[in-house]
Structures are given as C-alpha cells and as structure tokens.
Amino acid sequence: MSDRRRINIAVDGFSSCGKSTLAKRLAQALDYTYIDSGAMYRAVALYMLENGLVDQGRLDKAGLLERLPSLKIEFRYDPATGKSATWLNGRNVEREIRGMEVSRYVTLVSPVPEVRAALVDLQRTLGREKGVVMDGRDIGTVVFPDAELKLYMTARPEVRAQRRYDEMLAKGVEVDYASVLENIERRDEDDTKRAADPLIKAPDAVEIDNSDLDQDAQFRLAMELVQRTI
Ligand code: DC
C-alpha cells in the first residue's frame, strides 16, 4: 500500500460495537497508525480521579480546566505487549484506564466542551500527516470532517450485550446479562443525547451493521471500501 495515496479513516459508533477490533486490523493491514480516541477521554477521567477532582459523583470542573493545559497524553509503543499504550504525564496508564472506575466516571469528563476541544486538537495533530485509523464517537463529524473514508458501526444492543457478556465471562468476571445490557443502553443514551459532539452518523459515512457479521466479514467489507477510496 505504501505506493498508494494515504488517507484518514474515521470509525465511529456505539460502545461495544467492535470499532477498535476493526480499526486495529485495518491499521495493521494498511501499515497505518491506529488511534483510540476514547483512551484520551479515559486518561482525563483517570487524572480527575487521582487528583481529587471528583466528589460524591460531581466533577470539580474549574479545578480540572485549570490543570487541563498541563496534561500530557501520549501513545507509546510498549515492547512488553507489542501494542501501543496510553501515557499520562510520563506514566503508562493503559491498565488503569480500562478499569471499572474509569469506565464509570468517564462520562463526567467527556461532555465538557473544553475537554473535548483540547482532545480534538490533539487528535487532529496526530492525523495531520494522514495514514491514521481513529475510532471514537465524533471522528467523522468533528475531528476529521474531511476524512476520506468514514465508517459508522452499529449492532443491535442485545447482540452487543451478549458479546460483552461472553468476553467478561471468558475473563472470569462475574456479571449478569441483564446488567450488561442495561449498561450498554445507558451508554448509548449518554453518547447520543449529550449536547457537545454527540454520536451521530456523518452524512457521508458508510454504515456497517455488524449484528450478523463476523470479524472477517467486516474486515473484508471495510477493505473493499478502502480500496475503492484509495
Ligand atoms: O470508546 P470508549 O468506551 O473507550 O470511550 C470512553 C468514553 O469516551 C465514552 O464514554 C465515550 C467517550 N468518547 C467520546 O465522547 N468521544 C470520542 N471520540 C471517544 C470516546
């Protein structure tokens, strides 16, 4: 692919839709950089939790905004895992940002317009040279409205809940299906109803409903779209 035109690929969609699996696979096949924009929101949430900026479920917004310019979020290759890891102020926080506490509190920071503006700036800088596959909620609409290819991924909530439930069981986490489904439906609501940059399909995005598609079929479909675009 190196002799071809490099493009940016935006992959947006609901949570637990397989966005990152597809985005990583595309990046690998094309020798592009994969960027997980959700990890950045998670890193800000971790900072908030570790610095006493949340009290009884309420964000100290003024405190966070005062410190926001000093936050340094980076992605660095981790030779131990062979994958990219998220770093916050010089520390590898990849494990912490995936924990339940951050997952629970990230929606306190993701709707804050100033947080979004700072992270969107960083995301645009990372995509300046093209050759980026970025997944998130607002990549095709806000971050890269001129991305050459935009994918919008959906799947029925019950299908996503079942996949997440199976994943958690395989990891030995004790959960019940009903609460996984409830969490997914609540996050869908949060993502689509918030005032700042809600999840919406860009008019020029290609929708992939993967309720009845396996990972290989999604990858083949996306690669066809890439070839057509390039
Ligand atoms: O994709 P994820 O679950 O890791 O995202 C974490 C949170 O950040 C989730 O609440 C949605 C939000 N998010 C966002 O608002 N905009 C993005 N571009 C990516 C994620």
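Overview of the structure. From a predicted model like this one, the values you see are computed outputs, not experimental measurements. (Residues numbered from 1 in each chain as written. Predicted model: local features only at pLDDT ≥ 70, side-chain atom pairs only at ≥ 80, totals over all residues. Heavy atoms only, no water.)

A few points about the overall build of the chain
To keep it simple, the criterion reads: The helix and strand labels rest on DSSP assignments: H or I over at least four residues marks a helix, E over at least two residues marks a strand, and numbering proceeds from the N terminus. Both definitions apply: the radius of gyration is a C-alpha atom measure, and the globule rule equals 2.2 Å times residues to the power 0.38. Only protein chains enter the calculation, and the probe is 1.4 Å; a residue is then buried if its accessible area is under 20% of its type maximum, exposed if over 50%, and partly exposed in between. Residue contacts are defined here by distance: any two heavy atoms, one from each residue, within 4.5 Å place the two residues in contact.
A count of helical and extended segments in the chain gives 10 helices and 10 strands. Taking 17 Å as the expected radius of gyration for a compact globule of 230 residues, we find that the chain reaches 17 Å, a close match to that expectation. Overall size of the chain, expressed as C-alpha extent along the three principal axes, is 50 × 40 × 40 Å. Within the chain, buried positions represent 45% of all 230 residues. Taking contacts inside the chain between residues at least 6 apart in sequence as the whole, the part at least 24 apart equals 72%.

Re the site of the ligand
Quick reminder of the rule: The criterion for a residue being near a molecule or strand is simple. One of its heavy atoms has to lie within 4 Å of it. Under the rule applied, a polar contact is a pair of N or O atoms within 3.5 Å (in protein, one hydrogen donor and one hydrogen acceptor; residues adjacent in sequence only if both atoms are side-chain atoms). Computed with a 1.4 Å probe, the accessible areas rest on the Shrake-Rupley method; for each residue, only the protein chains presented here act as cover.
Looking at the ligand, there are 15 residues lining it, with Ser37, Arg42, Arg116, Asp138 and Arg194 nearest. At 3.0 Å from a nitrogen atom of the ligand is found a side-chain nitrogen or oxygen belonging to Ser37. Within the side chain of Arg116, an N or O atom sits 2.8 Å from an oxygen atom of the ligand. Within the complex, 92% of the 450 Å² of free accessible area of the ligand lies under protein.

A word on the packing of aromatic side chains
To be explicit about the condition: Note on aromatic contacts: the rings of Phe and Tyr and the six-membered ring of Trp form a pair at centre separations within 6.5 Å, being stacked when their planes are under 30 degrees apart, edge-to-face when over 60 apart, and tilted otherwise. When the NZ atom of lysine or the CZ atom of arginine is within 6 Å of a ring's centre and also within 35 degrees of its normal, the charge is said to sit over that ring.
Enumeration over the complete set of coordinates arrives at 1 aromatic pair. Between the aromatic rings of Tyr165 and Tyr177, the centroid separation amounts to 6.0 Å while the plane-to-plane angle is 85 degrees, which identifies the pairing as edge-to-face. With a gap of 12 residues between them, Tyr165 in helix H8 (residues 157-170) and Tyr177 in helix H9 (residues 177-193) connect regions that are remote in the sequence. Relative accessible area serves as the criterion here: at 27%, Tyr177 is assigned to the partly exposed category. The aromatic ring of Phe219 is capped on one face by Arg25, whose charged end is 4.3 Å from the ring centroid.

Details of the environment of Gly90
Residue position: Gly90 is located in the loop between strand S6 (83-88) and strand S7 (91-92). The spacing of Gly90 and Leu71 is 19 residues in sequence and 9.8 Å in space, taken between C-alpha atoms.

Describing the pattern of salt bridges
Spelled out, the test is: By definition, a salt bridge exists where a carboxyl oxygen of Asp or Glu is found within 4 Å of a side-chain nitrogen of Lys or Arg.
According to the stated counting rule, one finds 18 salt bridges in the structure shown. Put simply, Arg76 and Glu74 hold a salt bridge, and the shortest N to O gap is 3.2 Å. You can call Arg76 partly exposed: its relative accessible area is 33%. In this structure, Arg98 and Glu94 form a salt bridge, with 2.9 Å as the shortest nitrogen-oxygen distance. Within the structure, one salt-bridge network assembled from shared partners comprises Asp36, Glu94 and Arg98.

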